Amino acid sequence: MGKVYEGITPRLRAFIEEQKVFFVASAPLAADGHVNLSPKGREGTLVVLGEHSLAYLDFGGSHAETVAHLRENGRVTVMWCAFTGPPKVLRVHGRGTPIFRDDPRWAELIPHFAGADGPAARAIILVEAVMVSDSCGFAVPFMDYREERTQHAQHFGRKTDEEFAAYCANKPHNVTSIDGLPALPMPLPARTS
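Here's a quick rundown of the structure.

### Brief notes about the overall build of the protein chain
Helix and strand counts for the protein chain stand at six helices and eight strands. Each helix and strand of the protein chain, ordered N terminal to C terminal, gives the series β-α-β-β-β-β-α-β-β-α-β-α-α-α. The C-alpha radius of gyration computed for the protein chain amounts to 17 Å, which stays within 12% of the reference 16 Å derived for 193 residues, consistent with globular compactness. Its C-alpha atoms put the protein chain at 50 × 40 × 30 Å along the principal axes. Counting only residues that meet the buried cut, the protein chain has 47% of its 193 residues in that class. The contacts in the protein chain between residues at least 6 apart in sequence include a share of 73% that link residues at least 24 apart. When the accessible surface of the protein chain is split by element, carbon and sulfur atoms take 56% of a total near 10,200 Å². If the 20 positive side-chain charges of the protein chain are averaged to one point and the 22 negative ones to another, these points end up 3 Å apart.

### Description of helix H2 (residues 65-72)
Counting buried residues in H2 gives six out of eight residues, a clear majority hidden from the surface. When we look at burial in H2, the residues that qualify are Glu65, Thr66, Val67, Ala68, His69 and Leu70. Following H2 by one or two positions, Gly74 adopts a phi angle in the positive range, close to 80 degrees.

### Some remarks on the environment of Glu148
Relative to the helices and strands, Glu148 resides in the loop between strand E8 (121-135) and helix H4 (151-157). A relative accessible area of 25% means that Glu148 is categorised as partly exposed. Through-space distance from the C-alpha of Glu148 to that of Lys20 is 8.7 Å; in sequence the pair is 128 residues apart. Within the local environment of Glu148, its side chain forms a polar contact with the backbone nitrogen of Arg42, the two atoms lying 3.4 Å apart. Here the side chain of Glu148 touches Glu43 through a polar contact of 3.1 Å, landing on its backbone nitrogen.

### Considering the pairing of strand E7 (residues 89-100)
Pairing analysis gives seven bridges linking strand E6 (residues 75-81) to E7, with the strands arranged antiparallel. Bridge pairing links Arg75 to Arg95 in E7. In this structure, E7 lies alongside E8, joined through twelve bridges in antiparallel fashion. Bridging across to E8, Gly96 finds its partner in Val127.

### Let's talk about helix H5 (residues 161-170)
Every buried residue belonging to H5 is among Phe164, Ala165 and Cys168, and all of these are buried. In an axial view of H5, the angular spread of the buried residues amounts to 100 degrees, which keeps them on one side of the axis. Residues of H5 that are exposed and point over 90 degrees away from its buried face: Glu162 and Asn170.

### Points about the state of the cysteines
A full pass over the atoms with the stated rule returns zero disulfides. Note on Cys81: no disulfide assigned, nearest cysteine sulfur contributed by Cys136 at a separation of 11 Å. The buried category is assigned to Cys81, whose relative accessible area is 9%.

### A look at the nonpolar core
Within the largest apolar cluster, 49 residues are counted, with the highest numbers of intra-cluster contacts made by Trp80 and Ile124. The leading source of residues in this core is E8, at eight residues. Residues in contact with Trp80, not counting those within four places in the same chain, are Phe15, Ile16, Gln19, Val21, Phe22, Leu46, Leu54, Lys88, Val89, Leu90 and Val92. Core analysis: the second largest hydrophobic core is formed by five residues, Met79, Cys81, Phe83 and Val89 among them.

Calculation criteria
Residues numbered from 1 in each chain as written. Predicted model: local features only at pLDDT ≥ 70, side-chain atom pairs only at ≥ 80, totals over all residues. Heavy atoms only, no water. Helix = DSSP H or I, 4+ residues; strand = E, 2+ residues; numbered from the N terminus. Rg over C-alpha atoms; globule rule 2.2 N^0.38 Å. Buried < 20%, exposed > 50% of the residue type's maximum accessible area, 1.4 Å probe, protein only. Contact = heavy atoms within 4.5 Å. Areas by Shrake-Rupley, 256 points an atom, 1.4 Å probe, with all protein chains shown as cover. Lys, Arg positive; Asp, Glu negative; His and termini not counted. Charge placed at Lys NZ, Arg CZ, Asp CG, Glu CD. Polar contact = N/O pair within 3.5 Å; in protein donor to acceptor, adjacent residues only side chain to side chain. Pairing = 2+ DSSP bridges. Arc of directions from axis to C-beta. Disulfide = S-S within 2.5 Å. Core = buried A, V, L, I, M, F, W, Y, C linked by side-chain atoms within 4.5 Å.

Structure below.
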């Protein structure tokens, strides 16, 4: 049976920290806009900051849909599924803010990710929880975790910050979303730490 929580309790925080993958959903305001759902992983790239907030590193890739949607309307849902142990699906519905490298909050937040391999971090997504809820997860299959994939970090780890900025600028859906919304600021601010 599902439950709504006042915030991210210590038990829910422990559950979040045990999961190897999470999913992020966002959407534009336009009725004909594209809903986005992205899987996320990489050890150490998501942190629970408090009972009502969490943050994760947003990495370079082919699209910047979540960033564009958050800049437009701030709506976001982060979800975890238990692939091992007791069944559970946990959702944090909230308001998200992309924190770019030139934002003073970057320097405050980036130390939370010190253990993460951070090549290609282009933003920190800060999520303020509006509602935290879980559901049974009875239909989620058991799945075994083998190991982290290293290709993303290795690929971007070979690029200088200038090469990474050029990569972002040249991807059509990094500057604007697939619906034409502003996404990453260009030129991409230099990484300060």
